[in-house]
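Close look at the chain arrangement
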Amino acid sequence: MFDKTLAELASGLKSGEFSSVELTQAYLARIKAEDAKYNSFITVTEETALQQAREADKIIATGNAGAFTGLPIAHKDIFCTKGTRTSCASKMLDNFISPYNATVVDKFNQAGAISLGKTNMDEFAMGSSNESSFYGACRNPWDTDRVPGGSSGGSAAAVSAQLTPAATGTDTGGSIRQPAALCGITGLKPTYGRVSRFGMIAFASSLDQGGPMTKTAEDAAMMLNVMAGFDKNDSTSVERDVPDYTADLNKPLDGLRIGLPKEFIMDDMDSDIAAQTQAAIKEFEKLGATVKEVSLPNTALSIPAYYIIAPAEASSNLSRFDGVRYGHRCEEPVNLEDMYKRSRGEGFGPEVKRRIMVGTYALSEGFYDAYYNKAQQIRRLIRDDFTKALSEVDVIMGPTTPHPAFRIGEKSSDPVSMYMEDIFTISLNLAGLPGMSIPCGTVNGLPTGLQIIGDYFAEQKLLNVAHQFQMATDWHKQSPQGI
Ligand code: GLN
């Protein structure tokens, strides 16, 4: 049962093969038995999950079930959940019980979903390895000595280890797609503004976007149907109709024009990953697609631009954690300044502090034009590169990451080498474009991802392209040894 997709579980619930309570109990028991190996959950919400499952079974019995009624999922611990600890994997919020739900959480609740709990992540979503969590590193189910990727590492590991059929994630520079690639699952970062950010603890507000992490593209479509839409509580959410994301999944790919950016094949990447991208492209050609080279000349500038813009926004967003309004407060402060300093000094981990310092510096008087303004100009160039490429092709494809999962500890003392792991994903966030990662092979037994990039609001197209690939191949069906 644990290898079933959301779509398969939904039909099992409908036909009465099992109840939502049985399904939820099974997953809760599996988390209890297995998660010590992975540390993919920070909080398991057993009681509320079972309560939600009982409600769902009642609705199913009346015959009024919706597509999501009774299906268990997990939420990245960046989404506020009322009455439950929402920690963002930080000591700062270790004691924070949210008084309200994120819009995404509300939407899943209203759709009848069951929330099994909150998944591990890098502290405040800063990282590519899930090693910066206050609750300890999360481990990759394909090799527990390796990282699951980050920052949504807990969600990716939990789906890959079959501790939940699906989970939510957030992506500021790659945090859905990169861990999806490293754990052999499907992840979708929607267009900026497609999914409400209300109640999703802010890292870099102009880049952050929530999205689904699933076994298949079909499941991602089911989740996006719930998640997407305008929210009056989020001034950057877009007022635009939400299509049925499952509607186009079966469209044939005849005539699909794929662009391959020459900058996405680099010297400093795993050669097997480059070969797998080529093999995936061949598969698409068999499905009727045509391929041409395109250019994204400013790709190399995406990391430096991101590491000004994201820390600048983070330094501002994180100023609210001051020991007064939220979270950790130091013991016996001697005065106000001492309280601010020690509360923040004790509450934040090293990577978060590094970002706050870089961001504060970049925004300070005299440096703003040289750094922040310059980075915004580069951002425009990157967007223009994509606009040009996407005027010639329907989708752009390439590897999601330059390497498969690395060892825990391998890159933690060298932040720049860690930052480079997002070289193929970060530019999309700067441009605001949607992107997906789907499994497309393995290197030495470790999964790798193919990234599919589309135009603004082309999620339906991406899901269609990914689904057709998954109908023709079985990389997405592979699971870690013993699972
Ligand atoms: N790894 C990138 C960073 O550390 C992206 C993180 C994310 O997408 N949340 O900023």
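The coordinates are above.
Computed from a predicted structure; not experimentally measured.

About the cut-offs
Residues numbered from 1 in each chain as written. Predicted model: local features only at pLDDT ≥ 70, side-chain atom pairs only at ≥ 80, totals over all residues. Heavy atoms only, no water. Patch = residues over 30% accessible without salt bridge, like charges linked within 9 Å, V, L, I, M, F, W, Y side chains within 5 Å. Areas by Shrake-Rupley, 256 points an atom, 1.4 Å probe, with all protein chains shown as cover. Salt bridge = Lys/Arg side-chain N within 4 Å of Asp/Glu carboxyl O. Buried < 20%, exposed > 50% of the residue type's maximum accessible area, 1.4 Å probe, protein only. 1 Å grid on protein atoms, 1.4 Å probe; cavity = no way out; pocket = protein on both sides within 12 Å on 5 of 7 lines; lining within 4 Å. Points joined across faces, edges and corners; volume = space filled by probe spheres on them. Helix = DSSP H or I, 4+ residues; strand = E, 2+ residues; numbered from the N terminus. Polar contact = N/O pair within 3.5 Å; in protein donor to acceptor, adjacent residues only side chain to side chain. Contact = heavy atoms within 4.5 Å. Near = heavy atom within 4 Å. Sits in = over half its atoms within 2 Å of the grid points. Nonpolar A, V, L, I, M, F, W, Y, C, P; charged D, E, K, R; others polar. Pairing = 2+ DSSP bridges. Right-handed = clockwise from strand over helix to strand, strands pointing away. Core = buried A, V, L, I, M, F, W, Y, C linked by side-chain atoms within 4.5 Å. Phe/Tyr/Trp six-rings, centres within 6.5 Å; stacked < 30°, edge-to-face > 60°. Lys NZ or Arg CZ within 6 Å of the ring centre and 35° of its normal.

Considerations on a nonpolar patch on the surface
A cluster of nonpolar side chains, contributed by V324, L336 and Y340, occupies part of the molecular surface with about 270 Å² of accessible area. We classify L336 as exposed; its relative accessible area is 51%.

Some words on the layout of surface pockets
Estimated volume of the largest pocket: approximately 410 Å³. Within the residue set of the lining of the largest pocket, elements represented by two or more residues are α5 (153–160) and α15 (459–472).

Comments concerning helix α7 (residues 217–227)
In an α-helix there are 3.6 residues to a turn, and that puts residues three or four apart on one side. The buried fraction of α7 is high, at 9 of 11 residues. Buried residues of α7: A217, D219, A220, A221, M222, M223, L224, V226 and M227, and no others. Taken from the residues just after α7, G229 is the one with a positive phi, measuring 135 degrees.

Some thoughts on the side chain of Q451
Along the polypeptide, Q451 turns up in strand β11 (residues 446–453). Among the polar contacts listed, one links the side chain of Q451 to the backbone oxygen of F424, at a separation of 2.8 Å. Those residues in contact with Q451 that lie beyond four places of it in its chain are R177, F264, I396, M397, G398, P399, T400, F424, T425, L428, M436 and S437.

Considerations on the site of the ligand
The full set close to the ligand counts 15 residues, and G173, S175, Y306, R355 and D422 are the nearest of them. G127 has a polar backbone atom sitting 2.8 Å from an oxygen atom of the ligand. Between a nitrogen atom of the ligand and a side-chain N or O atom of S128, the distance comes to 2.8 Å. Calculation on the ligand without its partners gives an accessible area of 290 Å², and the protein chains cover 100% of this total. According to the grid-proximity analysis, the pocket containing the ligand is the largest cavity. Grouping the constituent residues of the shell around the ligand by class yields 5 nonpolar, 7 polar and 3 charged.

Describing the pairing of strand β8 (residues 290–294)
Sheet topology note: the strand β7 (residues 257–261)/β8 ladder contains 5 bridges and is parallel. Bridge pairing links P261 to V294 in β8. As a crossover connection, the stretch from β7 through helix α8 (residues 271–286) into β8 is right-handed.

A short note on the nonpolar core
When a protein is soluble and globular, its nonpolar side chains tend to lie buried together. Within the largest apolar cluster, 131 residues are counted, with the highest numbers of intra-cluster contacts made by F68, F124, I452 and L463. The leading source of residues in this core is helix α9 (residues 302–317), at 9 residues. In contact with L463, other than residues within four places in its own chain, are L188, A217, A220, A221, L224, Y245, L249 and M436. By size, the runner-up hydrophobic cluster in this structure holds 6 residues, among which are V147, L182, A405 and F406.

Some words on unusual backbone geometry
G150 connects to S151 through a cis peptide bond whose omega is 5 degrees. Tracing the sequence through the fold places S151 in the loop between β3 (114–119) and α5. Despite not being glycine, N130 shows a phi value in the positive range, around 65 degrees. Along the chain, the position of N130 falls in the loop between β3 and α5.

Some remarks on empty space enclosed by the protein
Per the stated rule, a full pass over the model turns up 1 cavity of 30 Å³ or more. Volume-wise, the largest cavity comes out at about 70 Å³. Along the walls of the largest cavity sit 14 residues, with A125, G127, S175, Y306 and D422 positioned nearest its centre. Residue composition of the lining of the largest cavity, by class: 4 nonpolar, 8 polar and 2 charged.

Considerations on the packing of aromatic side chains
This model, assessed by the stated rule, comprises 17 aromatic pairs. Between F124 and F348, the ring centres sit 5.8 Å apart and the planes meet at 70 degrees, which makes this aromatic pair edge-to-face. Of this pair, F124 sits in the loop between β3 and α5 while F348 is found in the loop between α10 (336–347) and α11 (350–363), placing the two residues 224 residues apart along the sequence. The exposure classification of F124 matches that of F348, with both residues buried. With a centroid separation of 5.4 Å and 40 degrees between ring planes, the pair formed by Y368 and Y372 is classed as tilted. Seen from the ring of F2, R30 lies directly overhead, with NZ or CZ sitting 4.9 Å from the centre. Between K411 and the ring centre of F406, over which it is positioned, the NZ or CZ distance is 5.3 Å.

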